[in-house]
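Tertiary structure, described
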Amino acid sequence: MKSFVAIAAVVAALAAVPALTHSNVVLNFLVVTLMIALAGQGWNILGGYGGQYSFGHAAFFGTGAYVTAILQVRYGVNAWVGFAASIAAGAVVGAIIGGLAFRAGLRSSYFALVTLAFAEVLRILASVTPITGAGVGILIKLDLRAQSFQFQSRAIFYLVILALVAVALVIARLLERSRFGAWLIAVRENEDAAMALGVDAFAVKLGAMVLSAAITAAAGCFYAQYFLFIDAAIGYGPWISIEALLTPIIGGVGTVFGALLGALVVKALGEGAKLITGDVPGLDLMIYGAVLVLVIRFAPRGLVGAVTDIYDYFRAAAQKPAAEAANG
Amino acid sequence: MVEPLLVVENISCRFGGLLAVNGASLSAPSARITALIGPNGAGKTTLFAVISGFLRPNVGRVRYCGEDVTGEPPHRLARRGMVRTFQIVQPFAGLTVRENILVGAHLRHRARDAALAMAEQVGCEVGLGELLDRPAHTLTVAGRKRLELARALATEPKLLLLDEVLAGLNPSEIRHIVPTVRSLATRGIAVVMIEHVMQAAMSLADRVFVLAEGRIIAEGSPAEVAADAAVVEAYLGHGAAAKMRGTNVH
């Protein structure tokens, strides 16, 4: 219960932002940040809770973006139906990649490399196949109506992505309190020991992959609706695989708020650096690298872990004099 | 006659050129403690891995509850009530003791509250009651062995395969854990234990199987096995039994 209150408080605080500012720059920054947080939370379900580090979550992000774009542009399907189809398609791609990789018994770096390879294959296919617009990409027609999942005001877009992030936060919290979650974490900690206790490691990992892929696909679909454009380098490019894994690692793997906190910090640092130095290409990547090194060196459990440690430290320090006073 | 809960028939398991287990057979009835002893490298842990589904034998069958379960994966055997512990303890290091036991308890209890209650009960039973909220990696060797036992117990097994739960413990720790193991059998669980600590194994077991170089060389009550010349030779070397007889004569 306590943690649902925390989620509600964080979401309510973020929901108040459009009331405080009408700046499109701020809102645009937050929309993109939350979109990355959503993709990162998808990664976090599989990587953070399940310990299966994927380097290819672009496969799901791109699938989410392309499916809705293709359905709308080529088949005239409603954007909200496209949104649901995107999530389902992401789940299917997750089931296929997960089924093959886990059935083959791939773990740790081998799993990471195979997911990277799948994402790259999809990127190359998307850049040559006519239905995905090949090298040109797909433009979604501008139609600023709610039934087309497009909004005049950035504030509405912001609230929509915030709602999606809220759902992802609640999913992570429910996972932590469920049998499936306990088994998933057990597989992360020690797969053989988990199997000895009756955990079907393959089924648990596959389930996590499907859930993870569906959430990241939702982020991809949102990208397509927000920017109304998708091509192979955006949808299936390594950039989103990197951002999806960096944000939870920096924020705190296997925690409810890790991906959200990580996305806010990383994006704020990236934007801050751009303000100071102008638009130097690749600078944001250098910042990611530097932050990642610092976090892994000084806070291996991420920012959430570091905050918890500091809180525990001060609480212990506060209790010590009190205890001494009581004894003395 | 009713078939014992576990019947292992003529198991052979080969790793490349090494025949780790060579035609081993044993059986274990409910509510009894069966010990599997033997010198280092005899193939005891390999035999356990075959029984619990982690390895597939080249030859032979494992029968459990009257059914052939050879090669069934470990998680499915655990659901049927056959659970093993590991010689090299495998705690979920990043979790607390309670969360560790919870994983086992979830096998029979889907609801978190019921599983938590079960975990707490089992934790207290094996003597980890005070340590439930400690991270598992802070436990001593004795604590980890207890945790290994608790996790397995939380799955409510019918057959428990204990791989050296006493190894690495000091005599007073052994005295503490022995009654826990004995109480499992009185509860009706079939216990099969691999053990190096001879004294404890001999005092606990109802029946002993001796494995040497992959073969079962003796079986019987602890007293019978201890008097068996082949067993003495397997442990102390060729000719040892004759020498011992010789010293007795003089």
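As shown above, the structure is provided for reference.
The notes below deal with the structure included here. For clarity, every value in this text was computed on a predicted model and none was experimentally measured.

What counts and how
- Residues numbered from 1 in each chain as written.
- Chains lettered and ligands numbered in written order.
- Predicted model: local features only at pLDDT ≥ 70, side-chain atom pairs only at ≥ 80, totals over all residues.
- Buried ≥ 20, exposed ≤ 12 C-beta atoms within 10 Å, placed from the backbone.
- Helix = DSSP H or I, 4+ residues; strand = E, 2+ residues; numbered from the N terminus.
- Contact = placed C-beta atoms within 7 Å.
- Nonpolar A, V, L, I, M, F, W, Y, C, P; charged D, E, K, R; others polar.
- Core = buried A, V, L, I, M, F, W, Y, C linked by C-beta atoms within 7 Å.
- Pairing = 2+ DSSP bridges.
- Axes fitted to C-alpha atoms, helices over the stretch in contact; angles between N-to-C directions.

1. Quick look at helix H8 (residues 179-189) of chain A
- H8 of chain A sits mainly inside the fold: nine of its 11 residues count as buried.
- Here H8 of chain A has its buried residues at Gly-181, Ala-182, Trp-183, Leu-184, Ile-185, Ala-186, Val-187, Arg-188 and Glu-189 of chain A.
- Looking at the buried positions of H8 of chain A, the neighbouring elements they touch are helix H3 (24-49), helix H7 (154-176), helix H9 (191-196) and helix H10 (201-227) of chain A together with helix H3 (97-105) of chain B.

2. Examining the interface of chain A and chain B
- In this assembly, 17 residues from chain A lie in contact with 22 residues from chain B.
- At the level of secondary structure, the elements contributing two or more residues to the side of chain A that touches chain B comprise H8 and H9 of chain A.
- Residues of the side of chain A that touches chain B, tallied by class, amount to 10 nonpolar, two polar and five charged.

3. Let's talk about H3 of chain B
- Counting buried residues along H3 of chain B, eight of its nine residues qualify, which places the element largely inside the surrounding structure.
- Residues of H3 of chain B that are buried: Val-97, Glu-99, Asn-100, Ile-101, Leu-102, Val-103, Gly-104 and Ala-105 of chain B.
- Considering only its buried residues, H3 of chain B is in contact with H8 and H9 of chain A together with helix H4 (112-125) and helix H5 (141-154) of chain B.

4. Some points on the nonpolar core
- If you look at the biggest cluster of nonpolar residues, it comprises 183 residues, and the most contacted ones within it are Leu-38, Ile-161 and Val-165 of chain A together with Val-191 and Val-210 of chain B.
- For this core, the leading source of residues is H10 of chain A, giving 17 residues.
- Among all residues touching Val-165 of chain A, those that are not within four sequence positions of it are Leu-34, Ala-37, Leu-38 and Leu-260 of chain A.

5. Observations concerning the sheet that holds strand E7 (residues 159-163) of chain B
All names here are of chain B.
- Strand order in the open sheet made by the six strands is E6-E7-E8-E3-E9-E10, with mixed pairing throughout. At either end of the open sheet lies a strand with only one pairing partner, and these are strand E6 (82-84) and strand E10 (215-220). Averaged over all pairs of adjacent strands, the angle between their axes in this sheet comes to 15°, without regard to strand direction.
- Both strand E3 (residues 33-37) and strand E9 (residues 207-212) contribute to a ladder of four bridges, which runs parallel. Across the sheet, Thr-34 pairs through a bridge with Arg-207, a residue of E9.

6. Quick word on the sheet that holds strand E2 (residues 18-28) of chain B
Residue and element names in this part refer to chain B.
- Taken in spatial order, the four strands line up as E2-E1-E4-E5 in an open sheet, and their pairing is antiparallel. A single partner strand is all that each edge strand has here, and the edge strands are E2 and strand E5 (67-68).
- One ladder, built from seven bridges, connects strand E1 (residues 6-15) with E2; its direction is antiparallel. When the bridges of E2 are listed, Phe-15 appears paired with Leu-18.

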